[in-house]
Amino acid sequence: EVAFGRGQHMPRGYASVLATLRSLAKGNLASTTVSVVIRTPARNGLASVTDAGAAAAAAFVVTVAAVLAADEAYNGQFAQLARKIGGLACTSLVGGFVKWSASTVATKEDDEIEPAGDNDMAMARRTAPEETSVAACICEPHAGLANDVRTITVVVSPEASQLRALAGSQTNAADEGRIAQASLDRFATAAARSVTTSPLLTHRVEKVVPARLHAVESCVARGDFEGLARLACAESNQVAAICSDTAPPLYFMSDVTRRVVAIVERYNHHVGRTAAAYTSAPLSASVTVLVKGAADEAAMLARLLHAFPAMPSSGRTLLAPRLESAKAEADADVMSLPFVRGLGVTEKLSALGIKALGDLASLTPPPESPNAVVWPDSVYGIVVGGVGAGAHAEDIGASDVSEPTLKEG
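Note that the coordinates shown come from a computational prediction; the quantities given were computed from them, not determined experimentally. (Residues numbered from 1 in each chain as written. Predicted model: local features only at pLDDT ≥ 70, side-chain atom pairs only at ≥ 80, totals over all residues. Heavy atoms only, no water.)

Peer 1: Residues and numbers for the environment of G390, please.
Peer 2: The residue G390 is located in the loop between β9 (379-386) and β10 (391-393) in this model. Distance from G390 to L93, taken between C-alpha atoms, is 5.4 Å for residues 297 residues apart in sequence. (Helix = DSSP H or I, 4+ residues; strand = E, 2+ residues; numbered from the N terminus.)

The structure is reproduced here in structure tokens:
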């Protein structure tokens, strides 16, 4: 049995993937229940529908493969299976810097094998892989770059984006799949409008993307964070420009998103280098800042907390232990979750002199913006993270079906 929570039917695409995994099996799935639970669902604003769907698909493929003791018939097969469920899922399967590209017919030596009948499939390949990567190398990685890159994600209110995928307060499980699919359909319609009405998109596909993708790979191979950061900002800006170039125009950047961009640009000017980057995309309720190293991470975290503090009157908590049940956390209203979450946040906030929500009001404006205006209670939260290690199965012992069977990095 494969359970999808609260009596939901197996979504489209999962059945054929399950059949393939069974054909590769050395074990038996007959008496096993796999529960796919996402800790950061689109419903509570912490991820887009596509993000949540990608995580679910990656969790499903990796967990079922582990239970069945299934091995790939060729390098990258599991990523291709995840791709059959959803596009971004193939990138969730591997860690580090990942390139999502169309697969091509190749020899065994190339590690880019495309099985017969899957001509429309795409493969996710790790750009800077660990030695045990299940995907083929694109270039030689620069040691340590993925470990040095930190992320700070500002979770914006779902209402901030016209292309936001979903429904804010909708909590009826029976409606979630319908809401998500309807939202994705609306986004697909909007994307189709860009294809037919935006000359900038045509230019991007034909002229910009190939060269920019090569530049990204080169930066990762050299460990050139500043070059990578400039490219990330350029990509984010160009996607926004294409949306604006569409007829009728599409807007997804909110006032909060634009202010985050301004904070990053001013900080870079202040320190005299490209120390931070920003990236945001349609269908997302967040904007992510990328930095390299602890010093720039602390500086950017302080600036973002100063600009977008949560006030004690909001009823939020600054920090809280992670809920033991993934299902409980997934079902929780975002306002009941801690304002700051993520990797080592207690120590990072303590280093900034922040131990309680009220301490955010005492943060001083950054030197490059001494008169910066504070926007209290204007964001859902801030999540601190890094470059993930990819999805992997983890044996958690006997568990209720509401508990997760996968830990995703």
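Peer 1: Account for the packing of aromatic side chains, naming residues and giving values.
Peer 2: The final tally for this structure, using the stated rule, is two aromatic pairs. Relative to F60, the ring of Y14 lies with its centre 4.7 Å away and its plane at 80°, an arrangement referred to as edge-to-face. Of the two residues, Y14 is situated in helix α1 (residues 14-23) and F60 in helix α2 (residues 49-68); the sequence distance between them amounts to 46 residues. With respect to class, Y14 is no different from F60; both count as buried. (Phe/Tyr/Trp six-rings, centres within 6.5 Å; stacked < 30°, edge-to-face > 60°. Buried < 20%, exposed > 50% of the residue type's maximum accessible area, 1.4 Å probe, protein only.)

Peer 1: If you had to explain the packing of helix α9 (residues 255-271) against helix α10 (residues 294-307) to someone new, which residues and values would you point to?
Peer 2: Two elements in contact, α9 and α10, have axes whose closest approach is 11 Å; the angle formed by their N-to-C orientations is 140°. Taken together, the axes of α9 and α10 lie oblique to each other. The handedness of the crossing between α9 and α10 is right-handed. Facing R259, V260, I263, V264, Y267 and H270 of α9, the residues of α10 in contact are D296, A299, M300, R303, L304 and A307. Residue composition of the contact of α9 with α10, by class: eight nonpolar, one polar and three charged. (Axes fitted to C-alpha atoms, helices over the stretch in contact; angles between N-to-C directions. Parallel < 35°, antiparallel > 145°, perpendicular 65-115°, else oblique. Left-handed = near helix turned anticlockwise from the far one by under 90°. Contact = heavy atoms within 4.5 Å. Nonpolar A, V, L, I, M, F, W, Y, C, P; charged D, E, K, R; others polar.)

Peer 1: How would you summarise the packing of α1 against helix α3 (residues 77-85) if you had to cite specific residues and measurements?
Peer 2: Relative orientation of the contacting elements α1 and α3 amounts to 160°, with a least axis distance of 8 Å. With respect to α3, the axis of α1 lies roughly antiparallel. Crossing of α1 against α3: the hand is right-handed. Along its contact with α1, which presents Y14, V17, T20 and L21, the element α3 presents Q77, F78, L81, K84 and I85. Class assignment for the residues of the contact of α1 with α3 results in six nonpolar, two polar and one charged.

Peer 1: Can you break down the pairing of strand β7 (residues 286-292) residue by residue, with the values?
Peer 2: Regular strands have side chains that alternate between both faces of the sheet. Counting buried positions along β7 gives six out of seven residues, so the element sits mostly inside the fold. Looking at chain direction, strand β5 (residues 149-156) and β7 are connected through seven bridges and run antiparallel. Note that in β7 the partner of T151 across the bridge is L290. Both strand β6 (residues 276-279) and β7 contribute to a ladder of four bridges, which runs antiparallel. What sits directly across from A276, in β7, is V291. (Pairing = 2+ DSSP bridges.)

Peer 1: Go over the sheet that holds β9, please, and point to the residues and values.
Peer 2: If you walk across this open sheet you meet the five strands as β6-β7-β5-β9-β8, and the pairing is mixed. Looking along the sheet, the strands with just one partner apiece sit at the ends: β6 and β8 (340-342). Going across the sheet, the axis of each strand differs from the next one's by a mean of 20°, ignoring polarity. Sheet topology note: the β8/β9 ladder contains three bridges and is parallel. Paired with R341 across the two strands is V383, which belongs to β9. The sheet contacts of α9 involve β5, β6, β7 and β9, and relative to β6 the element is tilted by about 160°.

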